[in-house]
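# Secondary and tertiary structure notes
Given next are the chains, with one letter for each unit.
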Amino acid sequence: MKFSHLHVHTQFSLLDGAASIKNLYKKAIADGMPALAISDHGNMFGAFEFVKEAYNHKNEDGSLKVKPIVGCEFYITQDRLRKTFNKEEKDPRHHQILLAKNALGYKNLVKLTSLGYIEGMYSKYPRIDKELIHKYHEGLIATTCCLGALVPQAILEKGEAEGENEFKWWLNIFQEDYYVELQKHGLPEQDKVNEVLLRFAKKYKVKVIASNDSHYVDQKDFNAHDILLCINTGEKQATPALREFTDDDVLAKNKRFAFPNDQFFLKTTQEMSQVFENLPAAIDNTNEIVDKVELLDLKRDILLPRFVVPPSFKLQDEYLENLTWAGAKERYKILSPEAEERIKFELGIIHKMGFAGYFLIVGDFIKAGRDMGVFVGPGRGSAAGSVVAYCIGITNIDPIKYNLLFERFLNPERKSMPDIDTDFDDEGRQKVIDYVVQKYGKNQVAQIITYGTMAAKSSIADVARVMDLPLAESRAISKLVPERPGINLKRLLHAPFTIKEAKDGEKSLEEKEQLQGDDIENVKRLRELYKGDDLQSKVLHEAEILEGSVRNTGIHASAIIIAPQDLTDLLPVATSKESELWLTQIEGGTIEEAGVIKMDFLGLKTLSILKTALHLILQNHSIKIDIDTIGLEDEKTYKLYQQGDTNGTFQFESPGMQKYLRELKPDKFDDLIAMNALYRPGPMAYIPEYVDRKHGKKQVVYDLPDMEEFLKETYGITVYQEQVMLLS
C-alpha cells in the first residue's frame, strides 16, 4: 500500500522544524512515497525551494519521483485585526492545515499567508481568521489537523457537541475537500479526539487520512530537534521539560517547552501502516488527496513592471531609442561611425531580448535620484559595458573609451536578466526607494528576505550552550574550525583530507577547501573529539545534524523588487519591524525564477563622503566641482598613489595594495584600473611580473603575435575578462 506524508514541517518552521528539504525528499524517494507536502507554521518560506527540489528527482520517463504538495499550517484566530490581549484573555490561536489542490489553490495560499503577515501579525505569529478562509478557500484542501486545531480543541475543551458544530463549519466550506486527519503519537488526548473524529467521519461520510506531525527526518534526530527548541526558547536542556501538548509560548514555572516524545519524525510507509494497522483506509486515503492535487511548477518568466511611455511614443523600444540617440549627441558631441554602429548593435539586442522596459525603469529612477540631489555612483560591474546605459544616464563611464564589451552584460545566447547595480549615497538611497514606491505603488515594491542559517561555528556554540558545555571548552572546539567562508562541519568531520584519499568523485579538504598545515591538524583534533564519548563529542554530533538549520530571518541589504501588479497576486510576502516595505518570502537566489525582477539599490558611505567633500569645497572656497568631468592626468594625485598615501580611497587602502602601489609607481589611469583588477585572490600572483614589465626590468612577451592588439595596454598580461573574451 502506498502512503504519502501530508503534514510535514521543514526547517522553515523556524527553530521548530529540524528537517532539511533535501533530506525529506531523500527519505520519501527511498521509501517510494508518491507525494510529500510542505506545511510550515504560518509561512511559505520554503515552498518555492520545496517544489524546485522535486523537479531535481525524475524517473526515466521524465515524471517526478515524488509529487510536491504545497501547503501551510496556518495560525487561526477569532479576529486577525485584534492586537491587544492580556494574561486573563489570551490570543485564541489554533492551527489549521490547508493544501493547494491546483494553481488557484496555490494563489489563495499565497494570499492567506501574505495577509497573515500584513494584517494579522501579533507577537511572532502571522494569523488569519475564518473571514479570510471564507474568502480564499477555493482550490484548497483542509483537514481537522492536529491537537492544536479548532475541532480537536473544541472536543477537548468544550465537549463533543461543540466539536461537531466546529466540524460542520469546516465541512460546509470545503465539502468533499475536507478530511478527518488522525495522528497517533501515543498521547492520551489524541486517542480521545480520534475516537470522536471517527464518529464524525462516519456520520457525515468524510474520508479519514493518517498523518504524522513530522518535525524532523529520522527518529535519531529527536535530541537535535529538542536542542533546536531550546535554542528557540533560550532554554538549556537541563531545565525540566514540559512534555505535554502545548504551544511554544506557553510558560510554565521552571519548565521548558518540549515535544511529548520522539515520534514526530517522517515515518516510513511500513511504520505508518503499523501505527494505523486497525485503520488501513486512513493510509490508503492519502492517495485520494495526492490524485486530486495538480502538479505545480512555480517557475515563471520575469514580469517587468509597467513603464508608461509618453503619449507621443507607441512602444518602449521606440522611446528608449529616442532617449539613446538624444543622449549620444550630448555625450559624444560628434558621433563616430564606431559609436553609431555600437549603439545600433546594442539597441538591436535589447529589442530582441525584450529588455527596453528594464533600461527605462532603471534610467528613470537614477534620473529621479540625480534630480533630487542624490549622489549616484558612476556605474560598475558589467553594465558599464553598455553604451546605451551610458547615453541614457544609467552609467557615467564611456565603454568605447575603455574597451568594455556589451556582451559581458547582455548576451542573446544566455537568456538572463540584465543586472545593473546602482550605488547611491547613504541618505539618498532611501529617497530613491521612496520615489520607486510612489511611482509603482507600495503593494508592488518589496525588499527581499534573507535566512540566517546555523553555520559550523554558530551551531557548535548554540548546541554547547544548550547542553551546558563550559564556555571555555565550547570556544576551544570552535577554534578548531578553520576561518574560511563556506566551511561545512559535516565535510570537516568526514571528507577525505588529501586528493589521494578521495574516492567516488568526492573532493578532498585539500582540494575544495584548500586546507593545509595548521588547519589540517585542527581538523584531525576535531575528529578525535567527535569520536570520543564525552559531552564534547555529543555536542559535535548534534551540531553536525543542526548545521544549516534556519535560525532567523533578515532583510537583504540592497535588493528591491518591483512587480507589475499587487505582489500578493504573485508570491508570498511577509513583514518586518525593520522595514516599512513588505518582504518577499522567497530569498534573493531564486526570486527571479519566481517571476519578479530584482534590482540592487546600494547605499555607499564612500559616495556620502564625496558628496560632503564637494559641499565643503563649495562652502569654504566657492569652487564648484563636477566630479564626472575631473581630468585624469593630475600629477599630484598620481604622486599620492606612488607613495601609497591612499587611506580612505575605496579599494586602494589596504596595506598590501599600498605596498604594490609604491612598487608600481602608477603614472596613468590604466595602471590604477589594472591594479584594482589584479589585487584579488588568483591574479595577485601576476602583480610582481606586471610591475617589472612596466619598468622595463622584464621583457614584454606575447604567446602569439596576434595577442599584442589586446594585451599591449597591460604589458602582455591577461588582466580583464574583456581581454579573455576578445582573445577567445
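Structure report, in brief. Remember, it's a predicted structure, so these values are computed and weren't measured experimentally. (Residues numbered from 1 in each chain as written. Predicted model: local features only at pLDDT ≥ 70, side-chain atom pairs only at ≥ 80, totals over all residues. Heavy atoms only, no water.)

The strand order across the open sheet formed by six strands is β10-β15-β12-β11-β14-β13, and the pairing between neighbours is mixed. If you trace the sheet from one side to the other, it starts and ends with β10 (421–425) and β13 (573–576), each paired once. Adjacent strand axes in the sheet meet at a mean angle of 50°, parallel and antiparallel pairs treated alike. Here five bridges tie β10 to strand β15 (residues 597–604), and the two strands are oriented parallel to one another. Counterpart to Asp425 in the pairing with β15 is Leu604. (Pairing = 2+ DSSP bridges. Helix = DSSP H or I, 4+ residues; strand = E, 2+ residues; numbered from the N terminus. Axes fitted to C-alpha atoms, helices over the stretch in contact; angles between N-to-C directions.)

Our focus in this paragraph is the pairing of strand β11 (residues 445–453). Note that β11 and strand β12 (residues 550–562) share eight bridges and pair antiparallel. Opposite Ala446, over in β12, you have Ile561 as the bridge partner.

A word on the nonpolar core. Counting 86 residues, the largest nonpolar core has Leu36, Val70, Leu109, Phe174, Leu567 and Leu571 as the members making the most contacts within it. Of all the elements, helix α3 (residues 103–118) adds the most residues to this core, at six residues. Leave out the neighbours within four places in its chain, and Leu36 touches His5, Val8, Leu24, Tyr25, Ala28, Phe50, Val66, Lys67, Pro68, Ile69 and Leu266. Counting 51 residues, the second-largest nonpolar core is a separate cluster that includes Ile394, Met417, Ile420 and Val445. (Core = buried A, V, L, I, M, F, W, Y, C linked by side-chain atoms within 4.5 Å. Buried < 20%, exposed > 50% of the residue type's maximum accessible area, 1.4 Å probe, protein only. Contact = heavy atoms within 4.5 Å.)

By secondary structure assignment, the location of Gly32 is in the loop between α1 (21–31) and β1 (35–41). Gly32 gets classed as partly exposed once you look at its relative accessible area, which sits at 31%. For the pair Gly32 and Ala446, spaced 414 residues apart in sequence, the C-alpha to C-alpha distance is 40 Å.

This part takes up the packing of helix α20 (residues 517–531) against helix α21 (residues 535–546). Closest axis-to-axis distance for the α20/α21 pair is 7 Å, and the angle between their directions is 100°. The angle between α20 and α21 falls in the class roughly perpendicular. From α20, Leu526, Leu529, Tyr530 and Lys531 reach across to α21, where they touch Gln536, Ser537, Leu540, His541 and Glu544. Classifying every residue of the contact of α20 with α21 by side-chain character gives four nonpolar, three polar and two charged. (Parallel < 35°, antiparallel > 145°, perpendicular 65-115°, else oblique. Nonpolar A, V, L, I, M, F, W, Y, C, P; charged D, E, K, R; others polar.)

On the surface, Leu610, Ile623, Ile625, Ile627 and Ile630 cluster together into a nonpolar patch covering about 370 Å² of accessible area. In this structure, Ile627 sits in the loop between α23 (605–621) and α24 (635–643). (Patch = residues over 30% accessible without salt bridge, like charges linked within 9 Å, V, L, I, M, F, W, Y side chains within 5 Å. Areas by Shrake-Rupley, 256 points an atom, 1.4 Å probe, with all protein chains shown as cover. Salt bridge = Lys/Arg side-chain N within 4 Å of Asp/Glu carboxyl O.)

Once that is clear, we can look at the packing of aromatic side chains. Using the criterion set out here, one finds 26 aromatic pairs in the structure. For the pair Phe12 and Tyr451, a centre-to-centre distance of 5.0 Å together with 70° between the ring planes defines the contact as edge-to-face. With a gap of 439 residues between them, Phe12 in the segment before α1 and Tyr451 in strand β11 connect regions that are remote in the sequence. Just as Phe12 is buried, Tyr451 falls in that class too. Above the plane of the ring of Trp169 lies Lys130, whose end atom (NZ or CZ) is 4.5 Å from the centre. (Phe/Tyr/Trp six-rings, centres within 6.5 Å; stacked < 30°, edge-to-face > 60°. Lys NZ or Arg CZ within 6 Å of the ring centre and 35° of its normal.)

These values are about where atoms sit, not about what they do.
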